[in-house]
Amino acid sequence: MRFSIVGAGAIGCLFGARLRIAGHDVTLVHRDPIVIQEIKKNGIKLQDLDGTLTKVSVPVQMGPTRLPGTEVLIVAVKAYDTRALATSYRGRILPETTVMSLQNGLSNVETLQSAFRNEILAASTTEGALSLGPGYVVHTGRGVTLIGGARGANSDTCSRIKIAFDTAGLKAKTSSNIHGVLWAKAIVNAAINPLSSLTRLPNGALAKNRGIGEIAHSAMNEGIAVSHAIGIRLVGDPRKLWRKILLSTTANKSSMLQDIERGRMTEIRQLNGAILSHGKKTGVKTPVNGILTKLVLGLEESSKTMTSNG
Ligand code: KPL
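Now for a description of the structure that goes with this document. (Residues numbered from 1 in each chain as written. Predicted model: local features only at pLDDT ≥ 70, side-chain atom pairs only at ≥ 80, totals over all residues. Heavy atoms only, no water.)

### Points about the site of the ligand
Line of reasoning, step 1. Taken together, Asn 104, Lys 185, Asn 189, Ile 192, Asn 193, Asn 203, Ile 245, Asn 252, Ser 254 and Ser 255 make up the full set of residues near the ligand.
Line of reasoning, step 2. The side chain of Asn 104 places a nitrogen or oxygen atom 2.8 Å from an oxygen atom of the ligand.
Line of reasoning, step 3. The side chain of Ser 255 places a nitrogen or oxygen atom 2.5 Å from an oxygen atom of the ligand.
Line of reasoning, step 4. Isolated, the ligand exposes 280 Å² of accessible area, and the fraction of that covered by the protein chains is 95%.
Line of reasoning, step 5. Partitioning the shell around the ligand into residue classes produces 2 nonpolar, 7 polar and 1 charged. (Near = heavy atom within 4 Å. Polar contact = N/O pair within 3.5 Å; in protein donor to acceptor, adjacent residues only side chain to side chain. Areas by Shrake-Rupley, 256 points an atom, 1.4 Å probe, with all protein chains shown as cover. Nonpolar A, V, L, I, M, F, W, Y, C, P; charged D, E, K, R; others polar.)

Structure follows, in structure tokens:
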């Protein structure tokens with residue numbers, strides 16, 4: 001299949017490299033010239049679960065750009081960049097291109113749906129991906145990627161992407177309730193990512209810490225209550241998924257902790273912040289998600305200052 005992946009972060013590089021190795025036509029698109037230069041020069045450096053390092057040559061382009069011939073445009077930018085991406089790619093992609101969000105957080109799908117008339121899919125992954133620098137990714141844990149149509153029905157393209165991912169060693173399944181999948185994953189991320197950022201603990205250590213487990217469960221119970229209040233049918237029990245993900249990605253640092261360590265903005269607003277605002281609208285109390293949001297916003301501020309001071 002012909003994929004273009006916008007966003008050459010850890011997930012974009014992991015999926016790009018694996019799909020390329022499996023023989024698919026992949027173009028990576030990114031907006032940072034340093035990342036582009038590195039991938040042009042050295043390809044994507046993919047460190048496998050067993051430590052093997054492979055350099056995968058993948059065409060890379062500076063975005064935003066026109067992407068003719070793309071069957072599937074995979075959106076792998078941070079959730080806070082989805083709106084800007086939608087604005088800059090409107091009019092740049094052909095009507096027959098399928099747009100698929102492969103992101104954390106809530107409301108990416110709605111943003112893409114309001115910008116494009118194209119078929120919109122969403123995918124939610126529990127693959128562990130750790131960035132060691134521009135174009136350098138470590139596959140820290142195997143997971144599963146669930147793919148589904150934004151409107152519920154699953155097209156032929158959806159099934160073909162599932163097969164492409166499977167044959168690239170990225171286990172995939174289709175779901176006819178992708179919103180239930182995205183909410184379950186967001187509830188889990190809201191109980192992993194801020195806690196790992198605040199404690200600087202990798203995923204495996206979070207699972208072993210009783211106090212953190214208690215906070216995580218309170219955050220998840222709030223998220224579950226909010227999702228029920230807005231009529232979401234969750235796929236799976238987030239509390240079970242939480243443990244399963246932590247145990248299958250023990251060596252991973254959550255994406256939010258990776259952002260904090262680089263002094264970057266985090267997805268806290270699209271995770272705990274989104275649970276908080278849906279809670280306010282529906283009258284469900286979400287004090288733990290509220291506190292986690294405020295703490296990570298403070299942490300963003302201090303880590304920005306610390307990394308910019310060297
Ligand atoms: O989605 C992730 C993230 O870090 O954002 C998990 C699956 C929790 C892996 O760390």
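### Some points on the pattern of salt bridges
Line of reasoning, step 1. Summed over the entire model, instances satisfying the criterion amount to 10 salt bridges.
Line of reasoning, step 2. For Arg 31, the salt bridge is made with Asp 81, and the minimal N-O distance between the two is 3.1 Å. Here Arg 31, found in the loop between strand E2 (25-30) and helix H2 (33-42), pairs with Asp 81, found in the loop between strand E6 (72-75) and helix H3 (82-89); they are 50 residues apart in sequence, far enough to count as distant.
Line of reasoning, step 3. A relative accessible area of 57% places Arg 31 in the exposed class.
Line of reasoning, step 4. Judged by relative accessible area, which is 17%, Asp 81 ranks as buried.
Line of reasoning, step 5. Between Glu 38 and Lys 45 there is a salt bridge, with the nearest N and O atoms lying 3.5 Å from each other.
Line of reasoning, step 6. Overall, the relative accessible area of 17% leaves Lys 45 in the buried class. (Salt bridge = Lys/Arg side-chain N within 4 Å of Asp/Glu carboxyl O. Helix = DSSP H or I, 4+ residues; strand = E, 2+ residues; numbered from the N terminus. Buried < 20%, exposed > 50% of the residue type's maximum accessible area, 1.4 Å probe, protein only.)

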